[in-house]
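Topology and contacts: notes
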Amino acid sequence: MLNRIILMGRLTRDPELRRTQSGTAVASFSLAVERDFADKTTGNRPTDFIDIVAWRGTAEFVSKYFSKGRMAVVEGRLQIRDWQDRDGNKRRSAEVVAENIYFGDSKRDGDGGARTSYAPQGGGYAPQGGYSPAPQNNSYAPGPAVSEFSELSDDDGELPF
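Model, not experiment: these values are computed from the prediction. (Residues numbered from 1 in each chain as written. Predicted model: local features only at pLDDT ≥ 70, side-chain atom pairs only at ≥ 80, totals over all residues. Heavy atoms only, no water.)

**Some points on the overall build of the protein**
A tally of helices and strands in the protein yields one helix and eight strands. In the protein, the order of α-helices and β-strands from amino to carboxyl end is β-β-β-β-α-β-β-β-β. Burial analysis of the protein (161 residues in total) assigns 26% to the buried set. Summed over its atoms, the accessible surface of the protein is roughly 12,100 Å², and 48% of this surface lies on carbon and sulfur atoms. (Helix = DSSP H or I, 4+ residues; strand = E, 2+ residues; numbered from the N terminus. Buried < 20%, exposed > 50% of the residue type's maximum accessible area, 1.4 Å probe, protein only. Areas by Shrake-Rupley, 256 points an atom, 1.4 Å probe, with all protein chains shown as cover.)

**Some words on the confidence of the model for the protein**
The predicted model of the protein averages 79 in pLDDT, with 66% of residues at 70 or higher. Within the model, pLDDT remains below 50 along residues 109-117, and this stretch shows 24 contacts once partners closer than five positions in the same chain are excluded. The low-confidence segment residues 121-143, where pLDDT is below 50, has 23 contacts with residues more than four positions distant or belonging to other chains. (pLDDT = per-residue confidence, 0-100. Contact = heavy atoms within 4.5 Å.)

**Structural notes on the environment of Gly 9**
Tracing the sequence through the fold places Gly 9 in strand β1 (residues 5-11). Taking C-alpha positions, Gly 9 is 5.2 Å from Ala 32, a pair spaced 23 residues apart along the chain. In contact with Gly 9, not counting residues within four places along its chain, are Leu 31, Ala 32, Val 33, Arg 70, Met 71 and Ala 72.

**Quick notes on the packing of aromatic side chains**
For the structure on display, the rule yields five aromatic pairs. Ring centres of Tyr 65 and Phe 103 lie 6.4 Å apart, and the angle between their planes is 85°; this geometry places the pair in the edge-to-face category. Taken together, the residues span a long stretch of sequence, with Tyr 65 in helix α1 (residues 56-65) and Phe 103 in strand β6 (residues 90-103) at a distance of 38 residues. Three or more aromatic residues joined by ring pairs form one cluster here, namely Phe 61, Tyr 65, Phe 66 and Phe 103. (Phe/Tyr/Trp six-rings, centres within 6.5 Å; stacked < 30°, edge-to-face > 60°.)

**Thoughts on the pattern of salt bridges**
Counted according to the given criterion, the structure contains nine salt bridges. Between Arg 45 and Glu 34 there is a salt bridge whose closest N-O contact spans 3.8 Å. Within this pair, whereas Arg 45 is found in the loop between β3 (25-34) and β4 (47-55), its partner Glu 34 is found in strand β3, the two being separated by 11 residues in sequence. Taken together, the shared-partner salt bridges in this structure form one network comprising Arg 4, Glu 75 and Glu 99. (Salt bridge = Lys/Arg side-chain N within 4 Å of Asp/Glu carboxyl O.)

See below:
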């Protein structure tokens with residue numbers, strides 16, 4: 001079976017970091033994700049508000065580096081939960097359990113602009129490299145423009161075709 005989801009949107013609120021009774025970190029937040037199409041009458045693009053839950057190192061990462069309005073890319077799985085409200089009514093909620101979270105916007109607030117995520121590794125959570133800008137190499141200094149190409153004659157008897 002396959003249960004994989006990738007979303008890109010803006011956080012609607014700061015992530016809320018909590019801990020379970022055993023001390024495991026869990027963060028919850030929601031993303032505002034615009035749909036791919038615009039309403040024909042208004043020209044506006046409808047927006048979906050999707051609940052996200054992150055655990056352990058991913059939860060700590062998102063609560064430390066993300067805030068309301070920040071663009072995020074979330075990879076994870078869709079989870080449906082059944083629960084009872086205060087009045088005893090049965091309810092159902094859909095949420096995304098985040099496995100990887102990436103910065104979706106450009107450099108801001110001194111974060112260096114590098115794409116970084118947290119993903120499970122060997123029983124714990126460790127930073128995963130996304131990409132970072134290529135190092136600047138200023139040792140190459142081009143000289144004057146010189147053409148290294150020369151004209152070929154039309155008669156090349158050595159070509160087999």
